[in-house]
Amino acid sequence: MKKYWIFISALCICACSGKVSTDKGETGWQKETSGVWIMSVGTPEKVNLLSELHITPKVDAIQRMGEADLPISEQDITAELVDGKTYIRFPLEKDEKIFGLGLNFKTVEQRGRIMRLHVDHYGGTDDGRTHAPVPFFVSSRGYGALINSARYIDVWCGTSVRKDSKNPPVVRDRNTDKQWAAQPYSDNLEFLVPAEGVEIVLFGGPTMLDVVRRFNLYNGGGVLPPKWGLGFWHRVPTLFSDKEVNEEVAEFEKRGFPLSVIGLEPGWMSRSYPCTYEWDATRFPDPEGFVKGLNDKHIKTNVWINPYVSPDGELYEKIEPYTGSHTVWCGIVPDYSLPETKKIMTDHFKKHQLDKGVSGYKMDENDGFDSWLWPDVAKFPSGNSAEQLRQIYGSLMQDVTTQMYRSANKRTYGLVRAANAGTTSYPYVIYNDYYNHRDFITALINSSFIGILWTPEVRSSGNAEEWLRRMQTVCFSPLAMLNAWADGTKPWSFPEVEKAVQEVASLRTQLIPYLYTAFADYAFYGTPPVRAMNLEPGYQAKTTDEQGELDATKNPYAMAVRREVKDQFMVGPSLLVAPLFAGEEERQVVLPQGKWYDFYTGKYVGEGEVITVKPGLDKIPVYVKDGGIIPLWPKLTKVDTEKHPIEIRYYGKKPSIYELYDDDGETYDYERGEYLRISIEVKVDSEGKKKGEVRVPEGKSTWSYGDFSFKYMTE
Ligand code: GAL
């Protein structure tokens with residue numbers, strides 16, 4: 001009977017979608033490329049998460065990964081149209097784990113959660129309302145799926161129990177059975193898309209990392225930021241003038257503190273909330289000269305904007321016909337899905353920023369709190385609904401600004417507060433106003449499942465210890481930034497830890513060759529540069545759902561409490577980072593299988609085990625995989641375009657090869673083949689003697705790497 005139902009519903013899908021059914025006859029799945037399948041259910045909407053973006057799947061790179069089998073039968077995935085909506089179901093197995101489903105801050109494993117995926121500023125609960133509610137999941141069985149709809153999608157991730165379940169939960173008596181659970185076992189992952197059809201994209205593995213890589217490559221591959229983007233960023237107080245910014249920069253120089261990008265907050269603009277995107281003539285009388293002055297010192301300028309247009313600027317009248325029915329902070333809301341809007345905004349941005357030498361944007365408030373954002377009854381001239389635009393607004397702004405920089409053959413790197421599926425190749429990193437250090441690290445981990453980047457930016461701190469701990473983690477993230485927009489903090493605000501902050505910021509700059517290569521691997525192979533441990537081979541950490549304490553007011557159903565490791569992560573191929581948080585002197589670190597070594601000393605620390613470490617305040621615990629090759633620049637304060645010597649650190653005893661990446665660091669010429677992979681090999685003979693060799697392709701020369709020297713860290 002069950003089988004029959006699936007058969008009928010699948011046939012119904014094929015009929016509704018008008019797709020030719022496969023030769024099996026039962027499903028509408030069509031192979032897109034190696035290990036990627038697509039099914040159209042019903043009539044998918046014209047606008048989806050990918051349709052409005054400029055992305056080209058990296059099919060060659062996906063094909064090089066080889067074919068993949070799905071660990072589930074396509075027939076077991078069901079979808080049907082009910083009541084004008086699409087219901088989708090994936091089967092779950094007993095020990096299966098589900099990751100992804102948006103930028104969550106508190107949980108890594110998502111089984112057991114109910115969410116409505118809805119773009120919003122994160123409000124403290126993993127309920128689906130977040131900056132990047134990407135409807136993509138990765139299963140520990142080695143496959144994943146994208147529900148490609150720009151609607152608010154409901155998800156029941158292992159919570160709903162069907163009468164026709166293959167693995168029904170045990171019925172228990174709450175009166176007498178201590179194992180009674182408020183959420184009985186569920187073998188379902190169910191989605192509700194409020195539309196009469198949707199496209200579903202399935203990704204094969206075999207490993208979870210392979211699933212993520214296929215997903216990222218399908219989205220155009222990861223972003224390769226300009227090299228300067230990986231240096232240290234500092235955002236100045238909102239009303240700073242050009243003179244004050246220059247004084248701040250001089251202070252960085254005096255102290256020998258690294259600085260790559262200065263971020264200007266709303267006060268650079270003549271009006272903000274709503275915005276003119278024009279320079280304020282009192283604080284910045286000579287914007288071009290100001291930006292040039294910084295550029296000459298190899299410091300880039302990034303400017304804050306939000307989407308809402310002020311009646312006071314030169315843009316208002318031009319853009320007004322292409323804006324929505326409602327205002328936000330009394331500003332009109334451009335309908336970025338229209339070609340006319342894209343043109344008008346690009347012209348304006350080009351005139352006032354790109355042509356004046358500005359390197360990029362921090363695009364704020366495109367996630368929106370309901371209290372001030374346009375409501376879902378707002379109407380837009382494109383005819384796209386308010387709901388659809390809410391889900392893709394951040395993506396559209398990323399697209400328009402990226403296209404502008406691309407047409408000038410300049411790479412940009414900036415910040416954004418909203419993203420969704422499809423933005424993997426866009427040069428933007430998500431940040432927010434929420435400020436929980438631990439949760440910021442969990443978000444860092446989760447970003448790697450869903451093809452986006454996150455920065456745990458530093459703003460303020462109650463004490464020197466917290467300041468240093470936050471600085472240490474942000475320096476191991478996709479964007480190392482101090483955001484002093486509100487209270488004017490400086491890296492040296494806590495003199496007790498000034499030296500240690502400077503050390504880790506310098507280390508960040510030293511690591512750029514390694515980080516840049518990790519990003520190249522993101523762009524070329526889809527491998528996230530900062531990754532969840534769960535994507536690392538040989539990682540085994542136990543997650544337990546402990547029966548909750550019964551409490552008449554706080555927990556009347558004795559709901560289970562999940563205990564999972566969510567505070568350590570991988571950076572690039574070889575570094576394991578295990579941050580400490582204020583108030584902690586020691587912590588446990590789960591080491592995956594294989595030998596691991598201390599980053600600072602090269603000493604062996606363990607293998608496939610849980611170790612307890614007590615590193616002192618100055619250092620963030622970092623461990624290197626056996627055979628790890630870490631190329632380092634000297635301690636530079638600026639990311640310029642010169643060649644700098646590379647110290648190649650080698651850890652452990654295993655022979656290994658590392659492919660260091662280099663290109664001009666600033667343009668898109670690498671897409672036309674203007675790049676190098678420098679092969680670094682360390683051979684180890686039978687007596688344990690190491691011999692390193694660097695192979696630059698013949699006839700080629702590097703852009704920013706000078707002489708190479710080896711340092712063998714492990715005795
Ligand atoms: C907030 C943003 C902050 C800062 C501020 C300026 O929305 O998250 O980082 O830019 O706006 O008004």
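Here the residue numbering is sequential within each chain, running from 1 through the sequence in written order. Since the coordinates come from a predicted model, pLDDT governs what is reported: local features require at least 70, and pairs of side-chain atoms require 80 or more to be given and counted, while whole-chain, interface and lining totals use all residues. Hydrogens and waters are ignored; side-chain quantities use all the structure's heavy atoms.

(A) Local environment of unusual backbone geometry. Note that the residue after G205, namely P206, is joined by a cis bond; omega there is 15°. With respect to the helices and strands, P206 occurs in the loop between β12 (197-204) and α3 (208-218). Cis peptide bonds are those with omega within 30 degrees of zero, and the linkage from Y273 to P274 qualifies with 10°. Unusually for a residue other than glycine, Y277 sits at a positive phi of about 60°. Think of it this way: any DSSP run of H or I at least four residues long counts as a helix, any run of E at least two long counts as a strand, and we number them from the N terminus. One can find Y277 in the loop between β14 (261-264) and α5 (287-296). With a phi close to 65°, H298 is a non-glycine residue in the positive phi region.

(B) Examining helix α12 (residues 512-525) more closely. Given the number of residues in a helix, its expected span is that number minus one, multiplied by 1.5 Å. Given a rise of 1.5 Å per residue, 14 residues ought to cover 20 Å, and the 19 Å separating the end C-alpha atoms of α12 matches this to within 8%. Note on classification: 1.4 Å probe, protein chains only; a residue is buried when its accessible area is under 20% of the maximum for its type, exposed when over 50%, partly exposed between these limits. In terms of burial, α12 is a largely internal element, 13 of the 14 residues being buried. Backbone geometry just after α12 places G526 at a positive phi near 80°.

(C) Structural view of the packing of aromatic side chains. Two rings belonging to Phe, Tyr or Trp (six-membered ring only in the last case) form a pair when the distance between their centres is within 6.5 Å. Interplanar angles under 30 degrees mark stacking, angles over 60 mark edge-to-face geometry, and anything in between is tilted. Evaluated as defined, the whole model comprises 50 aromatic pairs. Taking the centre distance of 6.1 Å and the plane angle of 20° together, the rings of F599 and Y651 count as stacked. With F599 in the loop between β28 (595-598) and β29 (604-607) and Y651 in the loop between β33 (644-650) and β34 (656-662), this residue pair connects regions lying 52 residues apart in the sequence. Taken individually, F599 and Y651 each receive the classification buried, so the pair is uniform in this respect. Ring geometry for F710 against Y712: centres 5.9 Å apart, planes inclined by 10°, an arrangement best described as stacked. A relative accessible area of 25% means that F710 is categorised as partly exposed. The aromatic ring of F524 is capped on one face by K58, whose charged end is 5.9 Å from the ring centroid. One cation-aromatic arrangement involves R174 over W180; the distance from NZ or CZ to the ring centre is 5.0 Å. We call a charge positioned over a ring when the NZ of a Lys or the CZ of an Arg lies within 6 Å of the ring centre and within 35 degrees of the ring normal.

(D) Main features of the sheet that holds β14. What the seven strands build is an open sheet, ordered β20-β19-β18-β15-β14-β13-β21; its pairing is parallel. The sheet terminates laterally at β20 (428-430) and β21 (480-483), the two strands that pair on one side only. Here the average twist between neighbouring strands, direction ignored, is 25°. For two strands to count as paired, DSSP must find a minimum of two bridges between them. Looking at chain direction, strand β18 (residues 360-363) and strand β19 (residues 414-416) are connected through two bridges and run parallel. Bridge pairing in β19 places K362 opposite L415. When checking whether two residues touch, look at their non-hydrogen atoms; a contact exists if any pair is within 4.5 Å. Fitted lines through C-alpha atoms serve as axes, helices being fitted only where they are in contact, and the angles separating the N-to-C directions of these axes extend from 0 to 180 degrees. Lying on the sheet, α5 is in contact with β14 and β15 (300-305); it crosses β15 at an angle near 135°.

(E) Structural view of empty space enclosed by the protein. The pocket and cavity definitions rest on a 1 Å grid over protein atoms only: a 1.4 Å probe that fits but cannot leave marks a cavity, an open set with protein on both sides within 12 Å along at least five of seven lines marks a pocket, and residues lining either have an atom within 4 Å of a point. Grid points are joined across faces, edges and corners, and a volume is the space filled by probe spheres set on the points. Within the structure shown, the criterion is met by four cavities of 30 Å³ or more. Here the second largest cavity is characterised by a volume of approximately 50 Å³. As for the second largest cavity, its lining consists of Q398, V416, A419, T423, T424, Y426, Y428, I430, G451, I452 and L453. Polar here means any residue other than Ala, Val, Leu, Ile, Met, Phe, Trp, Tyr, Cys and Pro, which are nonpolar, and Asp, Glu, Lys and Arg, which are charged; Gly is therefore polar. Grouping the constituent residues of the lining of the second largest cavity by class yields seven nonpolar, four polar and no charged.

(F) Fine view of the site of the ligand. E265, P266, Y273, W304, K362, D364, E365, R417, Y431, D433, N483 and W485 make up every residue found near the ligand. If the ligand stood free it would expose 310 Å²; the protein chains cover 95% of that surface. Across the shell around the ligand, the residue classes break down as five nonpolar, one polar and six charged. If a single non-hydrogen atom of a residue is within 4 Å of a molecule or strand, that residue counts as near it. Note on areas: Shrake-Rupley with a 1.4 Å probe; residue coverage comes only from the protein chains shown.

(G) Looking closely at the domain arrangement of the protein. Segmentation of the protein into domains returns domain 1 (3-218), domain 2 (227-522), domain 3 (533-625) and domain 4 (629-712). The C-alpha centroid of domain 4 is placed 30 Å from the C-alpha centroid of domain 3. The partner domain 4 presents seven residues to the nine residues of domain 3 that form the contact. Each partner contributes to the roughly 590 Å² buried at the junction of domain 3 and domain 4, and carbon and sulfur atoms together form 71% of this total. Criterion for a salt bridge: a side-chain nitrogen of Lys or Arg within 4 Å of a carboxyl oxygen of Asp or Glu. Here domain 3 is connected to domain 4 by zero salt bridges. Elements represented by at least two residues in the side of domain 3 that touches domain 4 include exactly β28 and β31 (622-625). A per-class count over the side of domain 3 that touches domain 4 returns five nonpolar, two polar and two charged. The domain limits used here are those given by an automatic or database domain assignment. As a working definition, buried area equals the accessible area (1.4 Å probe) given up by two parts on being put together, with both sides summed.

(H) Representation of the layout of surface pockets. If you add up the space inside the largest pocket, you get close to 1300 Å³. Contributing to the lining of the largest pocket are 35 residues, with Q183, Y185, D545, A560 and R562 lying nearest its centre. Residue assignment for the lining of the largest pocket shows that the elements contributing at least two residues are β23 (544-546) and β24 (561-563). Of the residues contributing to the lining of the largest pocket, the split by class is 12 nonpolar, nine polar and 14 charged. Inspection of the lining of the largest pocket shows a minimum of three residues originating in each of domain 1 (3-218) and domain 3 (533-625).

(I) Geometry of the pairing of β34. Burial analysis of β34 places five of its seven residues in the buried class, which makes it a mostly covered element. Pairing analysis gives seven bridges linking β34 to strand β35 (residues 676-684), with the strands arranged antiparallel. Its bridge partner being in β35, E659 is matched across the sheet by S679.

(J) Layout of helix α7 (residues 339-352). Across its 14 residues, α7 extends 20 Å between first and last C-alpha, which sits within 8% of the 20 Å expected from 1.5 Å per residue. Every buried residue belonging to α7 is among T341, I344, M345, H348, F349 and H352, and all of these are buried. Seen from one end, α7 has its buried residues packed into an arc of 125°, which puts them on one side. Exposed residues on α7 whose side chains face more than 90 degrees from its buried face are P339 and K343. Along its buried surface, α7 packs onto β15, α6 (316-319), β17 (331-334), β18 and α8 (386-407). By definition, the arc is the one covered by directions from the helix axis to the C-beta atoms.

(K) Structural context of the side chain of N420. By the element assignment, N420 lies in the loop between β19 and β20. Apart from residues lying up to four places away in sequence, N420 is in contact with L49, V119, P133, V134, P135, Q391 and S395.

(L) A look at the environment of L209. By secondary structure assignment, the location of L209 is in helix α3. Beyond its immediate chain neighbours, meaning those up to four positions away, L209 contacts T527, P528, R531 and L535.

(M) Layout of the sheet that holds β35. Read across the sheet, three strands follow the order β34-β35-β36 without closing on themselves; strand pairing throughout is antiparallel. A single partner strand is all that each edge strand has here, and the edge strands are β34 and β36 (690-695). Neighbour-to-neighbour, the strand axes of the sheet open up by a mean angle of 20°, direction not taken into account. Sitting on the sheet, α12 is in contact with β34 and β35, with an inclination near 85° to β34.

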